[in-house]
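An overview of the molecular structure
Residues per chain are reported as follows:
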Amino acid sequence: MHTTPPSSDHGSSSGDSSSRSGRLKSELFTDPAPLSLLPLLYVAWADSELSPEEIEQIDHALQVADIYETSTEERLRAWLDPSDPPTAAQLLTLLMTVRRAAAGRPELERLSLAGLGTQLATLGGREVPAAEREALSVIEEVLGLRDQRFAPRLLGAQRPDSDHPAPVGALPAEDLQRLLARRRPGVRAAVLQVLSRDSFSRPVDVDRETYRRQTLDWCRELAAEGLGALAYPASAGGAGDWEAALIVFETLGFHDFSLQIKFGVQFGLFGGSILQLGSERHHELLAAVGRLDMPGCFAMTETGHGSNVQDLETVARYDSVTDELVLDTPSPDARKDYIGNAARHGRMATVFAQLEVDGERHGVHAVLVPIRREDGEACAGVVIEDCGGKMGLEGVDNGRLTFSGVRVPRGNLLDRFASISDAGVYESPIASPDRRFFTMLGTLVAGRVSVALGALSAAKSALTIAVRYADRRRQFGPGGEAETLLLDYPSHQRRLLPRLATTYALHFALDHLVERYIADAEEDRRAVEVLAAGLKAFSTWHTTDSVQEAREACGGQGYLSVNRFKDLKADTDVFTTFEGDNTVLLQLVAKGLLTGYKQQFSDLNLLGLTRYVAGKTKVVVSELNPVITRRTDEAHLADPEFHVAALKWREDHLLGTVARRLKVRFDRGEDATEVFSTVQTHLLATAKAHIERLVHERFLLVVHDLPEGQLRGALARLCELFALERIERDCGWFLEHGYLEPNKSKAIRKRVERLCAEVRPQAGGLVDAFGIPEELLGAPIASA
C-alpha cells in the first residue's frame, strides 16, 4: 500500500478531488476489512495531526502485512492523506462506528488499542491473522499509543463523579508562607516591623490636611530607616537594589495606600526618573531625595494628555543666549494635572515636555524644574493648584502645575539619552525620535511593576477579611441546629474562592515579572515592558473586582469604615487608570504580540499570510475533534494539558485572526490609525487571552517544581480552579468557535463548583499564608 494522495485527472477541479476523498472516507465505515485498524486510526488523528513520517511508517507496516484488497487500500489512503485530514464530522462517524462495534462489551475497555481492534474484527466475524496483529502492534508503537488509558476514553468510559468533594489534607501553612515570601523575606519582615509601630496607627475620620501631613510624616520615618533609597547607588545612601525597593512598595499596600502612593511618587517616580534618565551630575541629588530632604514630583500627565505621552503640549525651549531652558504651558489642556506631591509638599518636579532647540522639535524629554521655595511659596512663573477632594487617596496632595516662562539651567535636562552641547547643538546616541522616546519610557517600567504588586496586596487584604469572616459568621440552617457557616454555602464559595485562586496565580506571575525586570537583560527589555503592561492591567482589574465582591460577601459589616473596605475600594479604584489606563495598556500588549507578524505583513500576500496564520494557530483536528470538544470525564477536565491547550488555542486563534484582518486592510492602503481602531476590541480580547495564558502557565510551573506532598496538592487544586474558571468565564467564545460543546461547558461549571468545595477546608490557611499582621489588616470582623 502506498499512501500518496489520491490522484485526479488534470481536468478535474479541487472540489471534485475533495468530493472523491470524502466518498472514499465514508466507504471505510461499511468496509469490514479495516475494522481492526479503526481504533488506532481514530485516536491517531484525534490526538494530533499525523505527520508525513508517521504516515510513511504506517504505510510500511501495512505493506509488510499485505492484508488488504486494493479497494480497502484506496479508502485507507484517503484517510492517511496529510494534506486532507478528516473533518470533525468524519471523525465523529468513525468514533461512533467503533463504539457501535464495541457496544455491550465493557471488558474491551481494558485492552490496548491494537488489542481492541483485534477483538472488534473477531466480533465482526473475521479472524485476524498473525501478520495483521503484528502490523497493528507496530503502528501502535510508532504512534506512541500503547497506553491502556486510550481504550476507555475512546469507548466513552468515564470515572463516576462523586457528589462530595475529595478529602483534602491539612495545609502546610509554614511551607506555603515561605513559598509566597521567597523573594527577600528579610526585607518584607523589616518593613512589616516598622509598619507595626504605634506611630503608624491609621488615622480615623481625619480631615484632608491632617491626613496629608500624617502621610508625609510616615514617609519621613520610612526614609530615616533607609527604605526610600534602596534602589539608589551607594553614593546616595542606597544599595542599588531594585528588588528590595519593589518589595517595600508591595508591602506598604498592607498598611495604607496614601502612604504607598506618596512613597512611590517620591522615591520611585521622582527619584527613579533622576536615576534612570539623568547622568552622574544629576545623581548627586539622589541622596537628598532618598532622605526626603528634597520632596519631588513626577510631572508627566496633562489635562488633555494622559496615556498619549508622545503628544504632550508643555514646551521646553532652549535659549542659546542665556544657555537656559524655558518652560511654558501653551494652553489650559497642557497644564500638568493630578501630580502627586505637587499641591503641598513637592519642591522640584521632573517635567516631561517637548524639547525645542534652534526652532526644531525633538520630542518629549525630561527636565528638572524647581516649583516651590523652601518657605512653601511657588517659584516665579509656576502656578500651583490643589486638585481638591478625590474618591480616595486623600493623604496624597495631588496638584496641577502651569508654567509661564520658567527658566532653568541647560544642565537640568535629564540627559542620559539626549543632551544639548556647550555649543547649543542637540545630540543623541539614538537617531530615531520614536526609538528614543520609547527607550526613555522603557526605563520607567518599574512604575507599572509596582502598581501591579501594590494592587494585589489590596486584593489579599480584602479576601483575607472576607474569608475569615465567612468562616465564622453563621446564617440560616436546619431547625433546632446550629446555623450554617457562610463559607459552607456553595454560592459563597463561588464568590470568593475563584478570586483567591486568581490572587495566587497573579502572585506567582508577578514574582516572575520581578525576576525578569531585575535581571535587566537587554534582549528581554521589550518583552518585560509588554508583560508589565499586561500584568498591571490584569492585577488592578482583579483587585477592583475582588474588593467589591469581598465587600458584598461581608454584608452590612463590610460597609462599615472600620472593616477597611471603604479605604480598600476608594484608594485602589484609580489603580486601573494611573501608570497607564488598562485598556490602553492592553492595546500595547496586543501590538507587542503582533511584532512577530511584521515581516509577514510586508512580505506575504493574503494567501501566504493565511497559510502562516494556519501554521501559527495550529487549528488542527486534535483541537476540535469530538472527543476533545465533548469529553467530560474528571480525569480530562482536571488535566493541566487540557487547560494549557485551551488557553493557548484561544490566544493563537485570536492573534492569528486579528493579524489577518490587519493584513487585509493594510494591503488596501488604509490609514494605520483607522485600521487599528477598527479591530480594537479584537486586539483587547487577544491581549487578555495572552496574559491569562501566561499567568496560568507560570502558576503551573510553580506547582510542577514543588515536591510531591500536601503543598503541591493544595496549589495544584488552586491552579486547576484558576484555569477552569477562566475557561468557564469565556465559555461563550469557546462554544462559538467549536472548542467546547454544551455538555462539556456544563461539566466544566460542575467541576469548578466541586473544586470550590475541595478548596473550602483550606481557605483559611490560604489567606493566612499572605502573612498580613493583625494590626495592619485592622478589620474587627477578621479577628479571631
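Parameters and conventions
- Residues numbered from 1 in each chain as written.
- Predicted model: local features only at pLDDT ≥ 70, side-chain atom pairs only at ≥ 80, totals over all residues.
- Heavy atoms only, no water.
- Helix = DSSP H or I, 4+ residues; strand = E, 2+ residues; numbered from the N terminus.
- Buried < 20%, exposed > 50% of the residue type's maximum accessible area, 1.4 Å probe, protein only.
- Contact = heavy atoms within 4.5 Å.
- Phe/Tyr/Trp six-rings, centres within 6.5 Å; stacked < 30°, edge-to-face > 60°.
- Lys NZ or Arg CZ within 6 Å of the ring centre and 35° of its normal.
- Axes fitted to C-alpha atoms, helices over the stretch in contact; angles between N-to-C directions.
- Parallel < 35°, antiparallel > 145°, perpendicular 65-115°, else oblique.
- Nonpolar A, V, L, I, M, F, W, Y, C, P; charged D, E, K, R; others polar.
- Salt bridge = Lys/Arg side-chain N within 4 Å of Asp/Glu carboxyl O.
- Core = buried A, V, L, I, M, F, W, Y, C linked by side-chain atoms within 4.5 Å.
- Left-handed = near helix turned anticlockwise from the far one by under 90°.
- pLDDT = per-residue confidence, 0-100.

Regarding its fold elements, the protein chain presents 34 helices and ten strands. The burial tally for the protein chain puts 54% of its 784 residues in the buried class. Counted over contacts in the protein chain with a minimum sequence separation of 6, partners at least 24 positions apart contribute 76%.

Within the structure shown, the criterion is met by 15 aromatic pairs. On the basis of an interplanar angle of 90 degrees and a centroid distance of 5.3 Å, the ring pair of Trp-733 and Phe-734 is categorised as edge-to-face. Here Trp-733 and Phe-734 have matching classes, each one buried. Aromatic ring contacts, followed pair by pair, group Tyr-504, Phe-508, Phe-699 and Phe-770 into a single cluster. When the ring centre of Phe-676 is taken as reference, the NZ or CZ atom of Lys-591 above it lies at 4.8 Å.

With that settled, the discussion passes to the side chain of Ser-421. Within the secondary structure layout, Ser-421 lies in the loop between strand E9 (419–420) and strand E10 (426–427). On the accessibility criterion, Ser-421 (15% relative accessible area) is buried.

Right, let's get into the packing of helix H19 (residues 525–553) against helix H29 (residues 680–705). Remark: H19 packs on H29, axes separated minimally by 10 Å, with the N-to-C direction vectors making an angle of 85 degrees. Between H19 and H29, the crossing angle belongs to the class labelled roughly perpendicular. Contacts between H19 and H29 involve Leu-531, Gly-534, Leu-535, Phe-538 and Trp-541 from the first element and Lys-688, Ile-691, Glu-692, Leu-694 and Val-695 from the second. Class assignment for the residues of the contact of H19 with H29 results in seven nonpolar, one polar and two charged.

The phi torsion at Asp-323 lies on the positive side, around 60 degrees, for a residue other than glycine. Its place among the elements puts Asp-323 in the loop between strand E2 (315–319) and strand E3 (324–328). Look at Leu-393: it is not a glycine, yet its phi comes out positive at around 50 degrees. Inspection of the secondary structure assignment puts Leu-393 in the loop between strand E7 (382–386) and strand E8 (399–409). Taking the relative accessible area as the measure of exposure, Leu-393 reaches 7% and is therefore buried.

Within the secondary structure, His-362 is located in strand E6 (residues 360–370). Setting aside its immediate chain neighbours within four residues, His-362 contacts Leu-355, Val-357, Tyr-426 and Arg-436.

On to the pattern of salt bridges. In this structure the tally under the stated criterion is 62 salt bridges. With a closest N to O distance of 2.3 Å, Asp-175 and Arg-178 form a salt bridge. Of this pair, Asp-175 and Arg-178 both sit in helix H9 (residues 173–180), separated by three residues, roughly a single helical turn. A salt bridge links Arg-650 to Glu-692; the nearest nitrogen and oxygen atoms lie 2.7 Å apart. In this pair, Arg-650 is assigned in helix H27 (residues 640–667) and Glu-692 in helix H29, connecting sequence segments 42 residues apart. The same class applies to Arg-650 and to Glu-692, which are both buried. Through salt bridges with shared partners, one network takes in Glu-634, Arg-717, Glu-720, Arg-751, Arg-754 and Glu-758.

With that settled, the discussion passes to the nonpolar core. Core analysis: the largest hydrophobic core is formed by 169 residues, its most contacted members being Leu-176, Phe-352, Tyr-504 and Leu-715. Here this core takes 16 residues from helix H17 (residues 446–470), the largest share from any one element. Counting residues in each nonpolar core, the second largest holds 34 residues, with Leu-28, Leu-37, Leu-95 and Leu-155 among its members.

Buried within helix H20 (residues 565–572) we find Phe-565, Leu-568, Ala-570, Asp-571 and Thr-572. Each element contacted by the buried residues of H20 is listed here: helix H13 (257–277), H17 and H19.

Mapping Tyr-489 onto the fold places it in the loop between H17 and helix H18 (490–519). By relative accessible area, Tyr-489 is classed as partly exposed at 27%. Between the C-alpha atom of Tyr-489 and that of Gln-475, which follows or precedes it by 14 residues, the distance is 9.8 Å. Ignoring anything within four residues of it in the chain, the contact list for Tyr-489 reads Gln-475, Phe-476, Gly-477 and Thr-484.

Moving on to the packing of helix H11 (residues 208–224) against H13. Contact geometry for H11 and H13: axes closest at 9 Å, N-to-C directions at 60 degrees. Classified by the interaxial angle, the pair formed by H11 and H13 is oblique. Like other packed secondary-structure pairs, H11 and H13 cross with a definite hand, here right-handed. Between H11 and H13, the residues in contact are Tyr-211, Thr-215, Leu-216, Trp-218, Cys-219, Leu-222 and Ala-223 and Ser-258, Leu-259, Lys-262, Phe-263 and Phe-267, respectively. In terms of residue class, the contact of H11 with H13 is made up of nine nonpolar, two polar and one charged.

It is worth spelling out helix H16 (residues 433–442) at this point. Taken together, the buried positions of H16 are occupied by Arg-436, Phe-437, Met-440 and Gly-442. At its buried positions, H16 is contacted by H13, strand E5 (348–357), E6, E10 and H19.

As a further point, take the environment of Arg-110. Relative to the assigned elements, Arg-110 resides in the loop between helix H5 (88–102) and helix H6 (113–123). Sequence separation of Arg-110 and Pro-152 is 42 residues, and the distance between their C-alpha atoms is 7.1 Å.

Our next topic: the confidence of the model for the protein chain. Per-residue confidence for the protein chain averages 88 on the pLDDT scale, and 89% of its residues sit at or above 70. Note that pLDDT drops below 50 for residues 2–14; the model gives that stretch 13 contacts with residues more than four away or on any other chain. Low pLDDT, under 50, characterises residues 158–166; the stretch is placed with 15 contacts to residues that sit more than four places away or in other chains.

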